[in-house]
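Descriptive structure summary
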Amino acid sequence: MLRLVLDRSDVAIPPESMFLADFAPVRKAGQLDDQERAARFARQVWAHPRVRSWKLDGDPPAVPAGLSHEEAYRFAVSAPFEAYASAQGKSRWGDKTPLYLRFVDELHAVWPESRFVVLVRDGRDVALSVKRVPFGANNAWAAAHTWAHGIRLGREAQRRYPERVLTMRYEDLVADPAPHVARVCEFLGLTFEEDMLAIERTDPAKIHKDQADWFTNVWAGINTSAVGKWKHGMSPRDQRVFTSVAGAELEALGYEAVEAGGQRAGLASLYAAHDAVMRGVNFVRLRVVQERGRELRYVLKRKLAGQWR
């Protein structure tokens, strides 16, 4: 939602990029001060499945001669964003990729002037939402662990870069959009206009065709219909399980928490096993069947590197 709001300003924000996580080892390895290596890397970035899905025209721009490794890396990974923005008639770009909570230091190293908006939502509503998609946690226990970990990453990012990280609650934004979006715009150095809130007028092409069924609420505009769904959509047992894992994070963000109660010995192992099995099933369904393996090698590398819980 926030991606589409900001994309209605003078900033272009493509669908989730992911490739900045995939190519982080290249930045750490060095050697892009060699122009031939830098050119090969630029072509590799341009050929990434996520970049290809943006339907950019032509080949990547030539890497200028004489750049340092850091400069060449920044040029190569910035190029797709700049091309996307140019195609949209805009001069600035941004990104929306939740995985990058794990890469704030990396992104800050590449773009020291970058700013980060962390939009948090009640984890129990998040848990219900991810049940509809073929990725992420598959039960309340696993969802609570994933959500709480993300909250801690966001808080740590704000502690380390207090002037460059803004945290906002989804519930506050949808309840009173104008002042909250205006605050985000001020933080990012953008001009707020009321038309930014009209996400129901978004061009459907802004949402990747493979994900269109996951974001149907967009066309209803900004509203509070998805707030507090957990109160009637999540069983009392799952509510207690979630609170037992992520109660401290719920409380810290001002969310209502039910009594956690106790857990039977061994229950965590059962939840973990169920989640692992379902992740395997969903992995095949999404990455092999639906996507026909186009991003498979990158996803496997992320999993082996422990980038996804």
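Now for a description of the structure that goes with this document. (Residues numbered from 1 in each chain as written. Predicted model: local features only at pLDDT ≥ 70, side-chain atom pairs only at ≥ 80, totals over all residues. Heavy atoms only, no water.)

A few points about unusual backbone geometry
For M18, which is not glycine, the phi dihedral falls at a positive 65°. Tracing the backbone through its elements, the reader meets M18 in the loop between β1 (11–12) and α2 (19–22). On the basis of relative accessibility, which here comes to 5%, the residue M18 falls in the buried class. Residue Q31 is not a glycine yet carries a positive backbone phi of 80°. The residue Q31 is located in the loop between α3 (24–29) and α4 (35–46) in this model. (Helix = DSSP H or I, 4+ residues; strand = E, 2+ residues; numbered from the N terminus. Buried < 20%, exposed > 50% of the residue type's maximum accessible area, 1.4 Å probe, protein only.)

Brief notes about the packing of aromatic side chains
Tallied over the entire structure, the rule returns 11 aromatic pairs. Seen in terms of ring centroids, F23 and F41 are 5.3 Å apart; in terms of plane orientation they differ by 85°. Their pairing is edge-to-face. A residue pair is termed long-range when its members are at least 10 positions apart, and F23 in the loop between α2 and α3 and F41 in helix α4 qualify at 18 residues. We classify F23 as buried; its relative accessible area is 2%. Between F81 and W93, the ring centres sit 4.2 Å apart and the planes meet at 10°, which makes this aromatic pair stacked. Taken together, the positions of F81 in helix α6 (residues 69–87) and W93 in strand β2 (residues 92–93) put the pair 12 residues apart, joining distant regions of the chain. F81 sits in the buried class, given a relative accessible area of 0%. With relative accessibility at 26%, the residue W93 sits in the partly exposed group. Through a chain of ring-to-ring contacts, the aromatic side chains of F19, F23, F41, W54, Y73, F81, Y84, W93 and W111 assemble into a single cluster. Over the aromatic face of W230 sits the side chain of R124, whose NZ or CZ is 3.7 Å from the ring centroid. (Phe/Tyr/Trp six-rings, centres within 6.5 Å; stacked < 30°, edge-to-face > 60°. Lys NZ or Arg CZ within 6 Å of the ring centre and 35° of its normal.)

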